[in-house]
Amino acid sequence: MNAAKVVETLKQRFPNEPEYIQAVSQVLPTIEEEYNKHPEFEKANLIERLCIPDRICEFRITWVDDKGNVQTNMGYRIQHNNAIGPYKGGLRYHKSVNLGILKFLAFEQTFKNSLTTLPMGGAKGGSDFSPRGKSDAEVMRFCQAFMNELYRVIGPDEDVPAGDIGVGGREVGYLFGQYKKLTHQFQGVLTGKGIPFGGSLIRPEATGYGTVYFLTSMLATRNIDIKGKKVLISGAGNVAQYAAEKCLQLGAIPMTMSDSDGYIFDPDGIDRAKLDYIMELKNVERGTAKYYEGKRPWYEKADIALPCATQNEINGDEAAALVKNGVIAVAEGANMPSLPEAIKIFQDAKILYSPGKASNAGGVSVSGLEMSQNSG
């Protein structure tokens, strides 16, 4: 297998999916040497079978808004690989969702799930629908319309979706309710459910907590304590909130949080009261915090960076600024948040760096526990 040649072939076959090509380009060179020790792999063409999804389900979603207008969105489920277990991966509701982004996420999920050593394959799905600014009733009607199509291709031993950006406990509840209505069955077909109806303890916290636990293990290899360290965190959703919470519990000092509109920086640190306020209202100025519209937090001075928002949020210039400003560790809480040139800068500077496939796998690990609990 020639990794560069495989990537070039995939580029020609899927020319309008840059995030997917980026994800494949990052992984294939790292496995090329080991792969080529096994000629039987090449004979069976395992590399293309690993890169190209088993199945892509694409459908229209029609729903009615609060004004009585009929709206349409696109829905997707990428069932990437089930070699070691049922397809497993989140659903993302965000205006940026397209086929290429979901293919990259499903590819990443396959490796992440295998890294946990749990018997789970990889998948991803979602829609270009955004819950932002929608009423609870609109979100409910959309989720029900989405499940009207999705239920045909999922099941507890076939494909088990979960939440992701834009899909939290509320959305999972609506989706699960519609699945029960359509199938007449109460099954462990979704993870991230509420505890009263089959969910697991600390599932909401697991990805953010896991990122920080992974970070502390990295720091320990250099005999560094996280206590007192200043931390830049991007995002304001589930992962970022609980990464900040665990940092506080371990004595670190979160300095920033962000969303797609900008970031807040608090030179005094985001304490428990401020974090509670952000969790409730998201990215509102409070006390000494300053808001920077349309910007990302990577030029602030700190010791640690935790990108917990979305893909490609750290470019080469931002990575160089992090290194220059003294950052000693970067742990990815999001999926592929660092561009390839950023990763090279981290590695060349010999700072501690962990890709999301390792450092944000805490969530899917607890999802595996929820699947086991539901199958008992």
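First, a word on what this report is: a plain description of the structure on this page.

Calculation rules
- Residues numbered from 1 in each chain as written.
- Predicted model: local features only at pLDDT ≥ 70, side-chain atom pairs only at ≥ 80, totals over all residues.
- Heavy atoms only, no water.
- Helix = DSSP H or I, 4+ residues; strand = E, 2+ residues; numbered from the N terminus.
- Rg over C-alpha atoms; globule rule 2.2 N^0.38 Å.
- Buried < 20%, exposed > 50% of the residue type's maximum accessible area, 1.4 Å probe, protein only.
- Contact = heavy atoms within 4.5 Å.
- Areas by Shrake-Rupley, 256 points an atom, 1.4 Å probe, with all protein chains shown as cover.
- Lys, Arg positive; Asp, Glu negative; His and termini not counted.
- Charge placed at Lys NZ, Arg CZ, Asp CG, Glu CD.
- 1 Å grid on protein atoms, 1.4 Å probe; cavity = no way out; pocket = protein on both sides within 12 Å on 5 of 7 lines; lining within 4 Å.
- Points joined across faces, edges and corners; volume = space filled by probe spheres on them.
- Nonpolar A, V, L, I, M, F, W, Y, C, P; charged D, E, K, R; others polar.
- Pairing = 2+ DSSP bridges.
- Core = buried A, V, L, I, M, F, W, Y, C linked by side-chain atoms within 4.5 Å.
- Patch = residues over 30% accessible without salt bridge, like charges linked within 9 Å, V, L, I, M, F, W, Y side chains within 5 Å.
- Salt bridge = Lys/Arg side-chain N within 4 Å of Asp/Glu carboxyl O.

Topic: the overall build of the chain
Line of reasoning, step 1. Helix and strand counts for the chain stand at 14 helices and 13 strands.
Line of reasoning, step 2. Over its C-alpha trace the chain gives a radius of gyration of 20 Å, about what one expects of a compact globule, namely 21 Å for 376 residues.
Line of reasoning, step 3. Counting only C-alpha atoms and orienting by the principal axes, one finds that the chain spans roughly 55 × 50 × 40 Å.
Line of reasoning, step 4. Here the chain holds 376 residues, and the buried ones make up 52% of them.
Line of reasoning, step 5. Sequence separation of 24 or more characterises 70% of the internal contacts of the chain that already satisfy a separation of 6 or more.
Line of reasoning, step 6. Of the accessible surface of the chain, which amounts to about 16,600 Å², a share of 52% is contributed by carbon and sulfur atoms.
Line of reasoning, step 7. On the chain, the mean spot of the 42 positive side-chain charges and the mean spot of the 44 negative ones are 1 Å from each other.

Focus on the layout of surface pockets
Line of reasoning, step 1. There is about 470 Å³ of room inside the second largest pocket.
Line of reasoning, step 2. As for the second largest pocket, its lining consists of 17 residues, and the residues nearest its centre are Leu50, Asn81, Ala83, Thr110 and Phe111.
Line of reasoning, step 3. Of all the secondary-structure elements, those providing two or more residues to the lining of the second largest pocket are helix 2 (18-35), helix 4 (46-51) and helix 5 (99-115).
Line of reasoning, step 4. Looking at the lining of the second largest pocket element by element, the count peaks at four residues for helix 4.
Line of reasoning, step 5. The residue inventory of the lining of the second largest pocket, partitioned by class, reads ten nonpolar, four polar and three charged.

Comments concerning the pairing of strand 5 (residues 159-162)
Line of reasoning, step 1. Neither face of strand 5 is open: one carries Asp159 and Pro161, the other Val160 and Ala162, and all of them are buried.
Line of reasoning, step 2. Examined bridge by bridge, strand 3 (residues 87-93) and strand 5 share four bridges and lie parallel to one another. Paired with tyrosine 87 across the two strands is aspartate 159, which belongs to strand 5.

Concerning the nonpolar core
Line of reasoning, step 1. The biggest cluster of nonpolar side chains holds 26 residues, and the ones touching the most others in it are Leu10, Tyr20, Val24, Leu28, Cys51, Phe104 and Phe107.
Line of reasoning, step 2. Of all the secondary-structure elements, those providing two or more residues to this core are helix 1 (3-13), helix 2, helix 4, strand 2 (70-81) and helix 5.
Line of reasoning, step 3. Discounting residues that sit within four places of it in the chain, tyrosine 20 has contacts with Leu10, Phe14, Cys51, Ile52, Gly100, Lys103 and Phe104.
Line of reasoning, step 4. With 24 residues, the next largest nonpolar core counts Leu215, Leu219, Ile233 and Cys308 among its residues.

Notes on a nonpolar patch on the surface
Line of reasoning, step 1. A cluster of nonpolar side chains, Ile195, Leu201 and Ile202, forms an exposed patch at the surface whose accessible area comes to about 320 Å².
Line of reasoning, step 2. Take isoleucine 202: it is sitting in the loop between helix 7 (169-183) and helix 8 (203-220).
Line of reasoning, step 3. Of the residues examined, isoleucine 202 reaches a relative accessible area of 46% and is grouped as partly exposed.

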